[in-house]
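# Structure assessment
These are the residues of each chain, in order.
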Amino acid sequence: MSCPDERKQPNILITGTPGVGKTEMATCIAEKLNLHHINVGNVIRENKCHLEYDETLDTHVLDEEKLLDILEIDVDTEHLNGGIVADYHACELFPERWFDLILVLRADTEILYDRLTARAYSEKKRDENMQCEIMNVILDEAKESYDPVIVQELSNNTIEEMDENVSRVEAWYHQWLKDR
């Protein structure tokens with residue numbers, strides 16, 4: 001079992017509404033800090049971790065138990081010493097012990113609207129995701145699911161902001177190692 005006190009490297013979760021730049025930022029952080037990147041959406045697709053397709057919501061219904069069983073092998077066995085950066089649009093399903101830092105990425109609604117439109121989201125799906133961002137749903141879930149001290153909200157509207165965010169994470173990472 002992955003125990004935060006025994007890890008040699010921290011585990012980071014990057015979460016936020018679809019379209020805020022989670023995967024791109026996780027990829028940059030993983031490359032810069034030589035961490036193992038887990039794109040949870042890809043894990044779900046590759047392992048068919050869904051129960052059914054919900055036509056109304058235009059999305060698959062997640063089989064959380066199957067997903068967590070698969071991820072547990074990675075987090076609690078293969079990367080027991082840490083060194084993971086994971087990205088997913090939900091955060092409350094993951095055990096609190098898995099992560100040392102939770103980054104909730106945010107985007108201005110105009111920018112998010114354009115990103116979701118470019119992804120060809122249906123109007124209903126786009127509007128639901130926009131509402132989620134406006135109502136702080138992911139941020140609130142993160143604060144309710146994890147120690148608020150490890151939850152950080154970051155604006156991620158531009159390449160420059162993403163670069164700044166990656167630099168902040170890099171500084172946090174080195175401080176985390178130093179504090180061990």
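Everything that follows concerns the structure shown earlier in this document.
Anyway, here's the lowdown on the structure attached to this text. All values derive from a computational prediction rather than experimental measurement.

### Let's talk about the overall build of the chain
Along its length, the chain carries 7 helices and 7 strands. Walking the chain from its N terminus toward its C terminus, one meets helices and strands in the order β-α-β-α-β-β-α-β-β-α-α-α-β-α. Relative to a compact globule of 180 residues, whose C-alpha radius of gyration would be 16 Å, the chain shows 16 Å and is just as compact. Along the first, second and third principal axes, the C-alpha atoms of the chain reach 50 × 35 × 30 Å. Restricting the contact set of the chain to residue pairs at least 6 apart, pairs at least 24 apart contribute 77%.

### Considerations on the nonpolar core
Side chains of nonpolar character tend, in soluble globular proteins, to be buried together. By size, the foremost hydrophobic cluster in this structure holds 28 residues, and its most contacted members are Val40, Phe94, Ile102 and Tyr146. Among the elements that make up this core, the one with the highest residue count is helix α3 (residues 64–78) (4 residues). Tyrosine 146 has contacts with Leu13, Cys91, Phe94, Pro95, Glu96, Phe99, Ile102 and Val151, leaving out every residue within four places of it along the chain. Listed in part, the 23 residues of the second largest apolar core include Leu35, Leu105, Leu112 and Leu116.

### Considering helix α1 (residues 22–33)
The end-to-end C-alpha separation of α1 is 16 Å, in line with the 16 Å expected for 12 residues at 1.5 Å each. Those residues of α1 not exposed but buried are Lys22, Met25, Ala26, Ile29, Ala30 and Leu33. Taken down its axis, α1 places every buried residue within 135 degrees of arc, on the same side. The elements touched by buried residues of α1 are β1 (12–15), β2 (36–39), β5 (84–87), β6 (101–106), β7 (151–155) and α7 (159–179).

### A closer look at the sheet that holds β1
Pairing in this open sheet of 5 strands is parallel, and the strands run β2-β5-β1-β6-β7 from one edge to the other. Here the strands that pair on one side only, and so sit at the sheet edges, are β2 and β7. Strand after strand, the sheet turns through a mean of 20 degrees between neighbouring axes, direction not considered. In the sheet, β2 pairs with β5 via 4 bridges, with the strands oriented parallel. Bridge pairing links histidine 36 to isoleucine 84 in β5. Contacts between α1 and the sheet are confined to β1, β2, β5, β6 and β7, with β5 contributing the most and set at about 170 degrees to the helix. The strands that helix α6 (residues 137–145) touches are β1, β6 and β7; relative to β6, the one it contacts most, it runs at about 165 degrees.

### A short note on the packing of α1 against α7
To describe two helices that pack against each other, one gives the angle between their axes and the distance between the axes. Closest axis-to-axis distance for the α1/α7 pair is 10 Å, and the angle between their directions is 45 degrees. Judged by the inter-axis angle, α1 sits oblique to α7. α1 and α7 meet at a crossing whose hand is right-handed. The residues of α7 that touch α1, namely those facing Glu24, Met25, Cys28, Ile29, Lys32 and Leu33, are Ile159, Met162, Asn165, Val166, Val169, Glu170, Tyr173 and His174.

### Structural notes on the layout of surface pockets
Estimates place the volume of the largest pocket at around 1,300 Å³. If you go around the largest pocket, you meet 45 residues; those closest to its centre are Pro18, Thr59, Tyr88, His89 and Tyr121. For the lining of the largest pocket, the residue count by class is 17 nonpolar, 15 polar and 13 charged.

### A look at the environment of lysine 32
Looking at the secondary structure, you find lysine 32 in helix α1. Residue contacts for lysine 32: discarding those within four places in its chain leaves Val166 and Glu170.

### Brief notes about the pattern of salt bridges
Tallied over the entire structure, the rule returns 8 salt bridges. The partner of glutamate 133 in a salt bridge is arginine 106, and the shortest N-O contact between them spans 2.8 Å. Note that glutamate 133 is positioned in helix α5 (residues 123–134) and arginine 106 in strand β6, a separation of 27 residues in sequence. A relative accessible area of 4% places glutamate 133 in the buried class. A salt bridge links arginine 126 to aspartate 127; the nearest nitrogen and oxygen atoms lie 4.0 Å apart.

Rules used in this analysis
- Residues numbered from 1 in each chain as written.
- Predicted model: local features only at pLDDT ≥ 70, side-chain atom pairs only at ≥ 80, totals over all residues.
- Heavy atoms only, no water.
- Helix = DSSP H or I, 4+ residues; strand = E, 2+ residues; numbered from the N terminus.
- Rg over C-alpha atoms; globule rule 2.2 N^0.38 Å.
- Contact = heavy atoms within 4.5 Å.
- Core = buried A, V, L, I, M, F, W, Y, C linked by side-chain atoms within 4.5 Å.
- Buried < 20%, exposed > 50% of the residue type's maximum accessible area, 1.4 Å probe, protein only.
- Expected span 1.5 Å × (residues − 1).
- Arc of directions from axis to C-beta.
- Pairing = 2+ DSSP bridges.
- Axes fitted to C-alpha atoms, helices over the stretch in contact; angles between N-to-C directions.
- Parallel < 35°, antiparallel > 145°, perpendicular 65-115°, else oblique.
- Left-handed = near helix turned anticlockwise from the far one by under 90°.
- 1 Å grid on protein atoms, 1.4 Å probe; cavity = no way out; pocket = protein on both sides within 12 Å on 5 of 7 lines; lining within 4 Å.
- Points joined across faces, edges and corners; volume = space filled by probe spheres on them.
- Nonpolar A, V, L, I, M, F, W, Y, C, P; charged D, E, K, R; others polar.
- Salt bridge = Lys/Arg side-chain N within 4 Å of Asp/Glu carboxyl O.

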